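# Working through the structure, step by step
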Amino acid sequence: MLVLGLESSCDETSIALLQNNSIIANKIYTQEVHSQYGGVVPEIASRAHIEKVDRLCTAVFEESGLKTTDVELIAVTDSPGLAGALLVGISFGLGLHTSYGIPVTGVNHLEGHILSVLLENSEITFPFLALVVSGGHTAIYRVDDYGCYIRLGQTIDDAAGEAFDKIGKLLGFPYPAGREIETQARSYQSEECIPFPVARLSTPGIDFSFSGLKTAVKYHLAEKDETYIKNNIPLICYSFQKTIITSLVNNMARAVEETGIERIALVGGVACNKTLREALAAQFDDRVYFPSPLLCTDNAAMIAKAGYERFKRNETRIPRMSPNSSF
Ligand code: KG4
Ligand code: ZN
């Protein structure tokens, strides 16, 4: 089955073609315009999606040699995300659906991230635990089958990626700052670090909190002069990143202990982080699965995969925009 995936929930416009489980095309346009504002500006994002979506779609068909009429299902992200940005992908998908009579389904962005791991790791079997770490979300899911997801915990404030981006902004890095923080942290040559706090929550479940860490870094920087900060960027990045990773690994360890499930998938933009990958692999050996970086950050191949699986279990749905929907 040939599935056309559409993703426009935040600052990536992406269109993919998936033939069953094989990626034929996965074009991603990242809107760099937001870096000058230190974060995504919703109205600019919507306009940038409008400008790109049609051209990207044409390029996908030209490069693959396939035609719109070859498509058997359209899968489009309909929640959660920025309202105006989602609307662009949904309208485009519904336009193709109406013009060509191709079946369409809405897809939850987080389901896309979770299933992204299956595009390259077909050997991973259900049930498994998924640690979803992105700019908008940080959560642990128990994945019993396609369509069967139980959330075991989530952040009660900032997402992990958001914490990376906010600390990066304090340090003067362009948005998104995750990759630069990782590069700086990996250049640090010592093990000595600033003891930033790892949040311990009294809520039931396996929740995360990163706002205290963000405040701790902010106060630490406020106490220091510019020269200290300039000379200690690797130390600060190393200490901050180590604290985030400790929290993610500790909570995964709890999830493994509580569920008895030992297979783990690390997905979402922050899953690009090599140090996090290494820390999870060190703790859980070869039971950890990662998508390649292009499938970790927002992309339409994962949306096509989620749509394809919805189609197979007869659960397609008319896209319904629900910007804040939890999952
Ligand atoms: O999944 P994604 O593309 O978008 C959302 O759904 O939010 O994730 C983007 C997030 C950004 O916060 C970015 O800073 C973070 O992923 N990120 C990283 C790395 N690469 C991207 N965070 C830490 N280390 C990285 N190497
Ligand atoms: Zn995402």
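Keep in mind that what you see is a predicted model, and the values were worked out from it rather than measured.

### Concerning helix α11 (residues 300-312)
The first and last C-alpha atoms of α11 sit 18 Å apart over 13 residues, in line with the 18 Å expected at 1.5 Å per residue. Judged by how many residues are buried, α11 sits mostly within the fold: 11 of 13 residues are covered. All of the buried residues in α11 are A300, A301, M302, I303, A304, K305, A306, G307, Y308, E309 and R310. Backbone geometry just downstream of α11 places N314 in the positive-phi region, at approximately 65 degrees.

### Let's talk about the pattern of salt bridges
Per the counting criterion, the structure on display carries 16 salt bridges. The salt bridge partner of E111 is R313, with a shortest N-O separation of 3.4 Å. Residue E111 is found in helix α3 (residues 109-116), and its partner R313 is found in the segment after α11; the two are separated by 202 residues along the sequence. Residue E111 is classed as buried on the basis of its relative accessible area, which comes to 1%. Across the pair E162 and K166 runs a salt bridge, and its minimum N-O distance is 3.1 Å. Taken together, the positions of E162 and K166, both in helix α4 (residues 160-170) and four residues apart, correspond to about one turn of that helix. The structure contains a network of salt bridges with shared partners spanning E111, R310, R313 and E315.

### Let's talk about the sheet that holds strand β3 (residues 22-30)
With mixed pairing, the five strands of this open sheet are ordered in space as β3-β2-β1-β4-β5. Pairing within the sheet leaves two strands with one partner each, and these edge strands are β3 and β5 (104-108). On average, each strand axis in the sheet is inclined to that of its neighbour by 20 degrees, with strand direction left out of account. With five bridges connecting them, strand β4 (residues 73-79) and β5 associate as parallel partners. Among the inter-strand pairings, V76 is bridged to a residue of β5, identified as G106. Packed onto the sheet, helix α1 (residues 42-64) meets β1 (2-7), β2 (12-19) and β3 and runs at close to 25 degrees relative to β2.

### Some points on the site of ligand 1
Surrounding ligand 1, one finds 20 residues, the nearest of these being G135, D165, E182, G269 and D298. Note that an oxygen atom of ligand 1 is positioned 3.2 Å from one of the backbone N or O atoms of G161. At 3.1 Å from an oxygen atom of ligand 1 is found a main-chain nitrogen or oxygen belonging to G178. In isolation ligand 1 exposes 560 Å². Once the protein is present, 90% of that is buried. Elements with a minimum of two residues in the shell around ligand 1: α3, α4 and α5 (178-186). Counted by class, the shell around ligand 1 contains six nonpolar, 10 polar and four charged residues. When we break the shell around ligand 1 down by domain, the ones giving at least three residues each are domain 1 (2-114 + 296-312) and domain 2 (124-290).

### Structural notes on the coordination of the zinc ion (ligand 2)
Those protein atoms acting as donors to the zinc ion (ligand 2) are H109 (NE2), H113 (NE2) and D298 (OD), and they sit at 2.0 to 2.1 Å. Coordination at the zinc ion (ligand 2) comes from four donor atoms whose angles at the metal span 94 to 142 degrees, giving a geometry best classed as irregular. Spacing between the donor residues of the zinc ion (ligand 2) along their common chain follows H-x3-H-x184-D. Placement of the pair is H113 in helix α3 and D298 in the loop between α10 (293-296) and α11, with a sequence separation of 185 residues.

### Examining the domain arrangement of the protein
For the protein, the assigned domains are domain 1 (2-114 + 296-312) and domain 2 (124-290). The centre of domain 1, based on its C-alpha atoms, is set 27 Å off from the matching centre of domain 2. Counting residues at the interface gives 16 residues for domain 1 and 18 residues for domain 2. With both chains or domains summed, domain 1 and domain 2 bury close to 1,400 Å², and 71% of this area falls on carbon and sulfur atoms. Of all residues in domain 1, L110, I114 and C296 bury the most surface against domain 2, accounting for 42% of the area lost on that side. Joining domain 1 to domain 2, the criterion identifies zero salt bridges. Remark: the boundary between domain 1 and domain 2 carries three residue pairs in polar contact (both at pLDDT 80 or more). Within the residue set of the side of domain 1 that touches domain 2, elements represented by two or more residues are α3 and α11. Per-element tally for the side of domain 1 that touches domain 2: the top contributor is α3, with four residues. Residues belonging to the side of domain 1 that touches domain 2 are distributed by class as follows: six nonpolar, six polar and four charged.

### Digging into α1
An α-helix turns once per 3.6 residues; consequently, residues spaced three or four apart project the same way. Along its 23 residues, α1 runs 31 Å from first to last C-alpha, staying within 8% of the 33 Å computed at 1.5 Å per residue. When the local axis directions of α1 are compared, the greatest deviation, roughly 35 degrees, occurs at K52. By the burial criterion, the buried members of α1 are A45, S46, A48, H49, V53, L56, C57, V60 and F61. G65, located one to two residues past α1, shows a positive phi value of around 75 degrees.

Scoring rules and cut-offs
Residues numbered from 1 in each chain as written. Chains lettered and ligands numbered in written order. Predicted model: local features only at pLDDT ≥ 70, side-chain atom pairs only at ≥ 80, totals over all residues. Heavy atoms only, no water. Helix = DSSP H or I, 4+ residues; strand = E, 2+ residues; numbered from the N terminus. Expected span 1.5 Å × (residues − 1). Buried < 20%, exposed > 50% of the residue type's maximum accessible area, 1.4 Å probe, protein only. Salt bridge = Lys/Arg side-chain N within 4 Å of Asp/Glu carboxyl O. Pairing = 2+ DSSP bridges. Axes fitted to C-alpha atoms, helices over the stretch in contact; angles between N-to-C directions. Contact = heavy atoms within 4.5 Å. Near = heavy atom within 4 Å. Polar contact = N/O pair within 3.5 Å; in protein donor to acceptor, adjacent residues only side chain to side chain. Areas by Shrake-Rupley, 256 points an atom, 1.4 Å probe, with all protein chains shown as cover. Nonpolar A, V, L, I, M, F, W, Y, C, P; charged D, E, K, R; others polar. Domains from an automatic or database assignment. Donors = N, O, S within 2.8 Å, 3.2 Å for Na, K, Ca; no water. Tetrahedral: all angles 85-135°; square planar, octahedral: opposite > 155°, others 65-115°. Buried area = accessible area lost by both parts, 1.4 Å probe. Bend = angle between axes of the 7 residues up to and from the residue.

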